[in-house]
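Residues per chain, in single letters:
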Amino acid sequence: MLQHYRAALPAAGWEVVEDDGRHLRAQRDGRAFEVRPCPGGGAIWTGSEDDPAYGQGTVMQPDTDICSAHHF
């Protein structure tokens, strides 16, 4: 899943600002995008780059069980 977004986001004009192998963050024109793989799919968050949670590691924290609540 992350491999797809590593290529697709820059091709669509997004700047990948963090990619630690467990999740990926990108931004473009004041918008923000974050994705994390989950068993059988993944969790995606989109919103404003100005959201206080974005970029602070609090949108989808690695230690939270976001995957059980958001299956796509």
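Look up: the structure comes first, before these words.
For every chain, the first residue of the written sequence is number 1, and numbering continues from 1 along that sequence. Totals for whole chains, interfaces and linings use all residues, but because this is a predicted model, local features are given only for residues with pLDDT of at least 70 and pairs of side-chain atoms are given and counted only at 80 or more. The basis for the side-chain values is all heavy atoms of the structure; hydrogens and waters are excluded.

### With respect to the overall build of the protein chain
Turning to step 1, where the next piece is worked out: Put simply, DSSP H or I for four residues or longer makes a helix, DSSP E for two residues or longer makes a strand, and each gets a number counted from the N terminus. Each helix and strand in the protein chain was counted, giving two helices and four strands.
Turning to step 2, where the next piece is worked out: Starting at the N terminus and ending at the C terminus, the protein chain contains elements arranged as α-β-β-β-β-α.
Turning to step 3, where the next piece is worked out: Accessibility here uses a 1.4 Å probe with only protein chains present; expressed as a share of the type maximum, an area under 20% marks a residue as buried, one over 50% as exposed, and anything in between as partly exposed. Put simply, the protein chain has 72 residues, and 31% of those count as buried.
Turning to step 4, where the next piece is worked out: In this description, contact between two residues means that some pair of their heavy atoms is separated by no more than 4.5 Å. In the protein chain, of all internal contacts separated by at least 6 residues, the share reaching a separation of at least 24 is 35%.
Turning to step 5, where the next piece is worked out: Per-residue accessibility takes into account occlusion by the displayed protein chains alone, with areas from the Shrake-Rupley method and a 1.4 Å probe. Just so you have it, the protein chain exposes about 4,300 Å², and 49% of that area is on carbon and sulfur atoms.

### Topic: the pattern of salt bridges
Turning to step 1, where the next piece is worked out: By salt bridge we mean one thing: a side-chain nitrogen of Lys or Arg within 4 Å of a carboxyl oxygen of Asp or Glu. The tally for this structure, following the rule as stated, stands at five salt bridges.
Turning to step 2, where the next piece is worked out: Of the charged contacts in the structure, one is a salt bridge between Asp-19 and Arg-6, with a shortest N-O distance of 2.5 Å. A residue pair is termed long-range when its members are at least 10 positions apart, and Asp-19 in strand β1 (residues 15-19) and Arg-6 in helix α1 (residues 2-11) qualify at 13 residues.
Turning to step 3, where the next piece is worked out: With relative accessibility at 33%, the residue Asp-19 sits in the partly exposed group.
Turning to step 4, where the next piece is worked out: A relative accessible area of 36% places Arg-6 in the partly exposed class.

### A short note on the environment of Val-17
Turning to step 1, where the next piece is worked out: Within the secondary structure layout, Val-17 lies in strand β1.
Turning to step 2, where the next piece is worked out: The exposure class of Val-17 is partly exposed, given its relative accessible area of 40%.
Turning to step 3, where the next piece is worked out: The spatial distance from the C-alpha of Val-17 to the C-alpha of Ala-32 is 9.9 Å, given a sequence separation of 15 residues.

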